[in-house]
Amino acid sequence: MKKLIILLLIIPMISAAQDEADSTKVWKFGGSSSINFSQVSLTNWVAGGKSSASGTLLFNSFANYEKGKISWENALDIGYGLLKENGDEVVKTDDKIDLSSKLGLKSKGKIYYTALFNFRSQFASGYNYPDRENAISKLMAPAYFTLALGADYKPNDKFSLFLSPLTGKMTVVTDQDLADAGAFGVDPGKKSRSELGAFLKAQLKQELVKNVSFETKIDLFSNYIDHPENIDIHWDVLINMKINDYLSANLITNLIYDDDIDIGVDNNDDGVIDEMGPRVQFKELFGVGFNVKF
């Protein structure tokens, strides 16, 4: 794995160094950063409710290299959000780190032989509120590493479809307490779990109407050895509605299903977990705020 990661980094650098004068043509850099806010203030409000304030920071960037038959795409997505309600402590509403890299060698037509690397984790500890004593997740607990070899179909700049029959997926839980509990599918006491399977990644970027853009990406993974019919899903959707050069509204959804993650369910709201098992995880965020593209 280490040798392949080093290869992902070195090959495009060598190619770029061979023609420094033409570097502005083979590299494309860009991204965006936005801060979304919402606020509610209540004073002597007889209908009831709570004053609150929330904010979410979103950052994404890319660095893409293309020259001859070599294509190298890199992307970083970061999100972090907080919510403060009157009388309560600050709670976390969003937290993600998503780094991906694809190195491709062009074959015929729109097909590239491709090596893909992906890393996902979070910044801060997560809790099952109102419990603030026992963290249910932390930085690098979990962390997901994916390394895949396959073919990438790229008919244009808007769409790509990557298929891999040979994919290694590693789940890492660096916190000992979470590892001892067997969190995120690792065996109790162990800090990592390795899987071998097939992987699919599809990405689409499309302008729906003027000043309204749509982006989605979905990852599917099937473990060859352990219940290949239970497919892990990670699906992100972003709809950006531009108001002007600095203001925008964003609708973001994130759907996750991992058959190795057991989630407790309280069926009768008595505070006692009645059953454990894999569940669909879903998150939705809508906000208006400042947006800067670069």
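A quick note: this is a predicted structure, and the numbers were derived from the prediction, not measured. (Residues numbered from 1 in each chain as written. Predicted model: local features only at pLDDT ≥ 70, side-chain atom pairs only at ≥ 80, totals over all residues. Heavy atoms only, no water.)

### Describing the environment of Gly49
Heads up, the rule is: Each helix is a run of H or I in the DSSP string that is no shorter than four residues. Each strand is a run of E no shorter than two, and both are numbered from the N terminus. To sort residues, take the accessible area from a 1.4 Å probe on protein chains only and compare it with the maximum for the residue type: under 20% means buried, over 50% means exposed, and anything in between is partly exposed.
Inspection of the secondary structure assignment puts Gly49 in the loop between strand E1 (27–40) and strand E2 (52–67). Note on Gly49: relative accessible area 64%, which makes it exposed. Considered as a pair, Gly49 and Asn86 are 37 residues apart in the sequence and their alpha carbons are 9.6 Å apart.

### Re the environment of Leu147
By the element assignment, Leu147 lies in strand E8 (residues 143–153). Separated by 78 residues in the primary sequence, Leu147 and Ile225 place their C-alpha atoms 17 Å from one another.

### Focus on the confidence of the model for the protein chain
Basically, it comes down to this: pLDDT expresses, on a scale from 0 to 100, how confident the predictor is about each individual residue. Residues are treated as being in contact if the distance between any of their heavy atoms lies within 4.5 Å.
Overall, the prediction assigns the protein chain a mean pLDDT of 89, with 91% of residues at 70 or greater. In the model of the protein chain, helix H1 (residues 2–17) stands out as the element of lowest mean pLDDT, 48, in contrast to E8, which has the highest, 98. In this model residues 1–9 is a low-confidence stretch, pLDDT under 50, and it forms twelve contacts with partners more than four residues away in sequence or in other chains. Confidence over residues 18–23 falls short of pLDDT 50; this stretch has one contact with residues more than four positions distant or in other chains.

### Topic: the pattern of salt bridges
Going by this rule: The working definition used for a salt bridge is a side-chain nitrogen of Lys or Arg within 4 Å of a carboxyl oxygen of Asp or Glu.
Enumeration over the complete set of coordinates arrives at 20 salt bridges. The salt bridge partner of Lys169 is Asp258, with a shortest N-O separation of 3.7 Å. With a gap of 89 residues between them, Lys169 in strand E9 (residues 159–172) and Asp258 in the loop between strand E13 (247–257) and strand E14 (263–265) connect regions that are remote in the sequence. Assigned by exposure class, Lys169 and Asp258 land together as buried. With its nearest N and O atoms 3.5 Å apart, the salt bridge here joins Lys242 to Asp245. Using a relative accessible area of 39% as the deciding quantity, one classes Lys242 as partly exposed.

### Remarks on the nonpolar core
Short version of the rule: By nonpolar core we mean a set of buried residues, namely Ala, Val, Leu, Ile, Met, Phe, Trp, Tyr and Cys, connected to one another through side-chain atoms within 4.5 Å.
With nine residues, the main nonpolar core is built from Ala141, Tyr144, Val173, Leu178, Ala179, Ala183, Phe184, Val186 and Ile261. Leave out the neighbours within four places in its chain, and Ala183 touches Val173 and Leu178.

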